[in-house]
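Listed below are the residues making up each chain.
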Amino acid sequence: MRVTVVVPRALRRFADGESRVELTLPVTGEATVEAVLAALAERHPGVRDRTVDERGEVRRHVNVFVEDESIRHADGLATPVRHGTEITILPAVSGGAD
Amino acid sequence: MRGLWDHPHRPRWEPGGGGLCLHSIVVHHDNPHRLLVAISSAGVYRTDDGGKTWESANQGIYAEQGPDTMPEFGQCVHRAALDPVEGDRVFLQGHWRTYRSDDFGGTWTDITSSLPSTFGFPVVTHPRQSGHAYVIPLQSDEHRWTVDAKCRVFRTSDSGQSWEPLTAGLPQEGAYVTVLRDAFAGDGLDPAGLYFGTRSGEVYGSADEGETWQLLASRLPSVLSVRAAAVV
């Protein structure tokens, strides 16, 4: 299955400048966000490392969306993704002192 | 305010950097049952029945924290301020733009174009003159200091169609200062006095509607809030 990861401006230098990374996962049917991030790490480890921490959890000031839905409001890294799904990584507005 | 507390959107409200914070309450001039609140980062909500029921009021407010850049709610809004004359006119400084509404939050118009940046925290309206408002833009979400290291207050006299920098008495070199949403206030006098504080511990004041400024205090702790009162 193929999915697309949308990379935020701040992390594009870790993705060879790409804003959208197309990934092919060796599964059919359904995968998880965690599996997508693992596949992303093979190509652009710097993006993955700035999205999840060393325990594999999404960093506090980063949000990951499956289509328009934040995975915090779904099943976290276990949120299912299907062929054609768009996964978006974005900095949270909680990142600064506002 | 159970209507807001129990609002179906509430489980999806995300906190801003200062936490999930309801920071602005705007009460309509003519109708005390008509209120608008701004929450970082849930967006703007409005009630017409004194708080029993609330609807999101974010139409036209841009957001970058999700794939949808014009969501129904979830916008990071930093401060709302009511026009002193027009009861339906509200100014709003957001995380990604500055806005004005002429229908009490029904729709928002982007008034950022002649400001030097899209980011900032406070907005203050004039105590008597309609369409007059003041903002202090910061460089960006990432670089939270006064644009180009110049400490400038920007004033509009035409409801945000144009803005002019007010600089007399304010540092115009090497001024990497941050002014937070509660750290800018007016005193309501005539002429209007304006006061703001910085995270680096200075307080500046103007007794002539922003034309000239003076450093009133320095070497304070980070200034989180400034309030002005007139002693008669």
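Residues numbered from 1 in each chain as written. Chains lettered and ligands numbered in written order. Predicted model: local features only at pLDDT ≥ 70, side-chain atom pairs only at ≥ 80, totals over all residues. Heavy atoms only, no water.

A. Region of interest: the side chain of B:Arg46. All names here are of chain B. Here Arg-46 shows up in strand β3 (residues 43-47). Polar contacts involving the side chain of Arg-46 include one to the main-chain carbonyl oxygen of Asp-103, which spans 3.2 Å. With residues up to four places along the chain from it excluded, the contact list for Arg-46 reads Arg-34, Leu-35, Leu-36, Thr-53, Trp-54, Glu-55, Ala-57, Asp-103, Phe-104, Gly-105 and Gly-106. (Helix = DSSP H or I, 4+ residues; strand = E, 2+ residues; numbered from the N terminus. Polar contact = N/O pair within 3.5 Å; in protein donor to acceptor, adjacent residues only side chain to side chain. Contact = heavy atoms within 4.5 Å.)

B. Representation of the domain arrangement of chain B. Residue and element names in this part refer to chain B. Once the domains are mapped, chain B shows domain 1 (1-110) and domain 2 (116-151 + 166-232). Contacts between domain 1 and domain 2 engage 22 residues on the former and 20 residues on the latter. Connecting domain 1 to domain 2 are 1 salt bridge. One salt bridge in this structure joins Arg-79 and Asp-182, with 2.3 Å as the shortest N-O distance. Run the count over domain 1 and domain 2 and you get 9 residue pairs in polar contact (both at pLDDT 80 or more). Elements represented by at least two residues in the side of domain 1 that touches domain 2 include exactly β1 (21-27), β5 (77-82) and β6 (90-94). Take the side of domain 1 that touches domain 2: its biggest share by element is 6 residues, from β5. (Domains from an automatic or database assignment. Salt bridge = Lys/Arg side-chain N within 4 Å of Asp/Glu carboxyl O.)

C. How the structure looks around the packing of aromatic side chains. Residue and element names in this part refer to chain B. In this structure the tally under the stated criterion is 6 aromatic pairs over all chains. Plain terms: the ring middles of Trp-145 and Tyr-176 are 5.5 Å apart, the flat faces sit at 80° to each other, and that makes the pair edge-to-face. Taken together, the residues Trp-145 in the loop between β10 (133-138) and β11 (153-156) and Tyr-176 in the loop between β12 (164-166) and β13 (184-186) connect sequence positions 31 residues apart. Note on Trp-145: relative accessible area 28%, which makes it partly exposed. Between Phe-196 and Trp-213, the aromatic rings sit 5.3 Å apart at their centres with planes inclined by 65°, giving edge-to-face as the arrangement. Residue Phe-196 is located in strand β14 (residues 194-197), and its partner Trp-213 is located in the loop between β15 (203-206) and β16 (214-217); the two are separated by 17 residues in the primary sequence. Taken as a pair, Phe-196 and Trp-213 share a single burial class, namely buried. Through a chain of ring-to-ring contacts, three or more aromatic side chains come together here, namely Phe-184, Phe-196, Tyr-204 and Trp-213. Lying over the aromatic face of Tyr-62, Arg-97 brings its terminal NZ or CZ to 4.4 Å of the ring centre. (Phe/Tyr/Trp six-rings, centres within 6.5 Å; stacked < 30°, edge-to-face > 60°. Buried < 20%, exposed > 50% of the residue type's maximum accessible area, 1.4 Å probe, protein only. Lys NZ or Arg CZ within 6 Å of the ring centre and 35° of its normal.)

D. Structural view of a nonpolar patch on the surface. All names here are of chain B. A cluster of nonpolar side chains, Leu-22, Ile-25 and Val-27, forms an exposed patch at the surface whose accessible area comes to about 260 Å². Structurally, the position occupied by Ile-25 is in strand β1. Owing to a relative accessible area of 58%, Ile-25 belongs among the exposed residues under this scheme. (Patch = residues over 30% accessible without salt bridge, like charges linked within 9 Å, V, L, I, M, F, W, Y side chains within 5 Å. Areas by Shrake-Rupley, 256 points an atom, 1.4 Å probe, with all protein chains shown as cover.)

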